[in-house]
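Each chain is listed here by its residues.
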Amino acid sequence: MKKREKLSIIHKWYPKAITTIDSVNKIIDFVEYELDLEPKQVMLADSICSDDVNSIQYPARTQEFLGPFKMGGLDGFPFTGLTGMGAFASHVPDDGAVFIYYGPHIGITKNGTIGEIHRFGQSKNSGCCGAAKGALSKLLNNQIVPGNVTEMDYHMNTIEQLLLNENTRIVKAETPLFEATEVIYEAIDKRINELVDQTNYKCKYVILVGAILINSDSDMGSFTEVRRFEIIDLITKARHNKIAYLTA
Ligand SMILES: [Zn+2]
């Protein structure tokens, strides 16, 4: 299938998505031409779901950056917290930048089915994000107990509570999984910004890319609808919105 045809399937749900490979290529160009840095001066940290498909579909050119430091757990929430953010902030080259890529993920098959992908070597489709779908199923069946966050299943219980906080919005939505993914994005975006605000960086810039990461079948690859592309200048503290670089 041609790239144009793949994008037209994804655009039915996410009209501003580009391929994840294109997003990485554009970010590398931005780092080189706009920030005047080499990719090796940039420490990549990601906060994306632990799902193996995200490792399989991780663009090769990300290896030009330092890292990645892995902040995410189930569905990309930054579970490594303030300690994780502080750790890689202290690993970055002095004149360089920190690049934080974050967001929940969702599957869309080549037939356009949302919440599923076809994984390599399997005969049937499987859920994506499985954690979001599991939490949503419990929400729709009124099985989430307010405040119930256990040590045994901490990440999953946290995702469940995020959905419970926006119960009505999700249940009434035309496509509850789409809406649940929006809710999780907003929670991740809020938390990442809180963590950034409370962290001391010794470099020049923080690059924030918040997105819905869209996985597809093994022969389709992955796509990214960017919701935030901001450069924080750590000397002036100014934030520069560059989202037009990364949207279709
Ligand atoms: Zn997942």
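That block above? That's the structure.
How each quantity is defined
- Residues numbered from 1 in each chain as written.
- Predicted model: local features only at pLDDT ≥ 70, side-chain atom pairs only at ≥ 80, totals over all residues.
- Heavy atoms only, no water.
- Helix = DSSP H or I, 4+ residues; strand = E, 2+ residues; numbered from the N terminus.
- Rg over C-alpha atoms; globule rule 2.2 N^0.38 Å.
- Buried < 20%, exposed > 50% of the residue type's maximum accessible area, 1.4 Å probe, protein only.
- Contact = heavy atoms within 4.5 Å.
- Areas by Shrake-Rupley, 256 points an atom, 1.4 Å probe, with all protein chains shown as cover.
- Lys, Arg positive; Asp, Glu negative; His and termini not counted.
- Charge placed at Lys NZ, Arg CZ, Asp CG, Glu CD.
- Donors = N, O, S within 2.8 Å, 3.2 Å for Na, K, Ca; no water.
- Pairing = 2+ DSSP bridges.
- Axes fitted to C-alpha atoms, helices over the stretch in contact; angles between N-to-C directions.
- Parallel < 35°, antiparallel > 145°, perpendicular 65-115°, else oblique.
- Left-handed = near helix turned anticlockwise from the far one by under 90°.
- Nonpolar A, V, L, I, M, F, W, Y, C, P; charged D, E, K, R; others polar.
- 1 Å grid on protein atoms, 1.4 Å probe; cavity = no way out; pocket = protein on both sides within 12 Å on 5 of 7 lines; lining within 4 Å.
- Points joined across faces, edges and corners; volume = space filled by probe spheres on them.

Of regular secondary structure, the protein chain possesses eight helices and ten strands. Here the C-alpha radius of gyration of the protein chain, 18 Å, is about what a compact globule of 248 residues would show, namely 18 Å. C-alpha extents for the protein chain along the principal axes are approximately 50 × 45 × 30 Å. Counting every position in the protein chain, which comprises 248 residues, the buried fraction comes to 51%. Taking contacts inside the protein chain between residues at least 6 apart in sequence as the whole, the part at least 24 apart equals 66%. Element-wise, carbon and sulfur atoms account for 50% of the exposed surface of the protein chain, whose accessible area totals about 11,700 Å². Of the side chains in the protein chain, 26 bear a positive and 31 a negative charge, and the two mean positions are spaced by 4 Å.

On to the coordination of the zinc ion, then. Around the zinc ion, the protein contributes the donor atoms C49 (SG), H105 (NE2) and C129 (SG), which lie 2.1 to 2.3 Å from the metal centre. The sequence pattern describing where the donors of the zinc ion fall on their chain is C-x55-H-x23-C. Of this pair, C49 sits in the loop between β2 (42-47) and α3 (52-56) while H105 sits in strand β5 (residues 105-107), placing them 56 residues apart in sequence. Here C49 and H105 have matching classes, each one buried.

Time to look at the pairing of β2. Most of β2 is tucked away: six of the six residues are buried. Here β2 shows two buried faces, one formed by V42, L44 and D46 and the other by M43, A45 and S47. Inspection of the sheet shows β2 paired to strand β3 (residues 66-70) by three bridges, in the parallel sense. Pairing of D46 across the sheet is with K70, part of β3.

Direction vectors running N to C along helix α5 (residues 130-140) and helix α8 (residues 176-197) enclose 110°, while the axes themselves pass 10 Å from each other. In this view, α5 runs roughly perpendicular relative to α8, as classed from their interaxial angle. The hand of the α5/α8 crossing is right-handed. For the pair formed by α5 and α8, the contact residues are A132, K133 and L136 on the first element and P176, L177 and I184 on the second. Residues that form the contact of α5 with α8 fall into these classes: five nonpolar, no polar and one charged.

Turning to empty space enclosed by the protein, a few remarks are in order. Evaluation of the coordinates by the stated rule reveals one cavity of 30 Å³ or more. Lining the largest cavity we find 16 residues, and of these T20, V24, Y58, P59 and Y101 sit closest to its centre. Only α2 (20-34), β4 (97-102) and β8 (205-215) provide two or more residues apiece to the lining of the largest cavity. The dominant element in the lining of the largest cavity, judged by the number of residues it contributes, is α2, at four residues. Among the residues making up the lining of the largest cavity, the classes are represented as nine nonpolar, seven polar and no charged.

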